[in-house]
Amino acid sequence: MMKNLIPKVFYDDLQDGLDLFVGGLGFEVMYRDDTLAVVARDGAKAYLVENADYAAMDRPELAIETDDIDALHAEISARGPQWLHPNVPKVIMQPWGAREFAVLDSTTVCVVFREWPAD
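Residues numbered from 1 in each chain as written. Predicted model: local features only at pLDDT ≥ 70, side-chain atom pairs only at ≥ 80, totals over all residues. Heavy atoms only, no water.

Asks: Please explain the overall build of the chain as it appears in this structure.
Replies: Assigned secondary structure in the chain consists of three helices and eight strands. When its helices and strands are written in sequence order, the chain yields β-α-β-β-β-α-β-α-β-β-β. Summarising its shape, the C-alpha atoms of the chain cover approximately 40 × 40 × 25 Å along the three principal directions. Split into buried and exposed, the 119 residues of the chain put 39% on the buried side. In the chain, the proportion of contacts linking residues at least 24 apart, taken out of those at least 6 apart, comes to 49%. (Helix = DSSP H or I, 4+ residues; strand = E, 2+ residues; numbered from the N terminus. Buried < 20%, exposed > 50% of the residue type's maximum accessible area, 1.4 Å probe, protein only. Contact = heavy atoms within 4.5 Å.)

Shown next as structure tokens:
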């Protein structure tokens, strides 16, 4: 019955979120007003919300699973290498069995891209 879990990510300035998700990760804006943007790409979706109070309380780490992490890493690295997380800028095998890399924006919102081995 459940289909998707869609996070809300709060920013002091909505443009910071758009810079990462649209400019850095290639998401498209599905809706935008003064304080909210709905962005989506390949079935992944997020609500970016401008709210300084909530942004000050939490800088989330989000994970997006993919079935072609190498191609995604190459694309994001070419589009915006400045977004690559300094701790995980390349695809690495994690002890829990997933291959991962991550991006980090100027407000410390982190997005981890993860590929699990095929069954």
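Asks: Hey, could you run me through the nonpolar core in this one?
Replies: For soluble globular proteins, nonpolar side chains are generally found buried alongside one another. Of all hydrophobic cores here, the largest spans 28 residues; its most connected members are Leu20, Phe21, Leu25, Leu48, Phe101, Val103 and Phe113. Only β1 (8-11), α1 (14-24), β3 (36-41), β4 (44-50), α3 (69-79), β7 (99-104) and β8 (110-115) provide two or more residues apiece to this core. If near-sequence neighbours (up to four positions away) are discounted, Phe101 is found in contact with Ile69, Leu72, His73, Ile76, Leu84, Val88, Lys90, Val91, Val111, Val112 and Phe113. (Core = buried A, V, L, I, M, F, W, Y, C linked by side-chain atoms within 4.5 Å.)

Asks: Would you mind going over the pairing of β7 with me for this structure?
Replies: Within a regular strand, the side chains alternate between the two sheet faces. Relative to β7, strand β6 (residues 92-93) runs antiparallel, the two being bridged by two bridges. Bridging from a neighbouring strand, Ile92 pairs with Glu100 of β7. For β7 and β8, the ladder comprises six bridges, and the chain directions are antiparallel. Residue pairing for β8: Ala102 is matched across the bridge by Val112. Where β7 hands over to β8, the hairpin turn is made up of five residues, of which Thr108 adopts a positive phi near 75°. (Pairing = 2+ DSSP bridges.)

Asks: In this structure, what is going on with the side chain of Asp105? I would like to understand it.
Replies: You can see Asp105 is positioned in the loop between β7 and β8. Buried and without a salt bridge, Asp105 has Arg59 as its closest oppositely charged side chain, separated by 5.2 Å. At 2.8 Å, the side chain of Asp105 and the side chain of Thr107 are in polar contact. Looking at Asp105, its side chain comes within polar contact range of the main-chain nitrogen of Val109, at 2.9 Å. Ignoring any residue separated from it by four or fewer positions in sequence, one finds Asp105 in contact with Tyr11, Asp16, Leu20 and Trp83. (Lys, Arg positive; Asp, Glu negative; His and termini not counted. Salt bridge = Lys/Arg side-chain N within 4 Å of Asp/Glu carboxyl O. Polar contact = N/O pair within 3.5 Å; in protein donor to acceptor, adjacent residues only side chain to side chain.)

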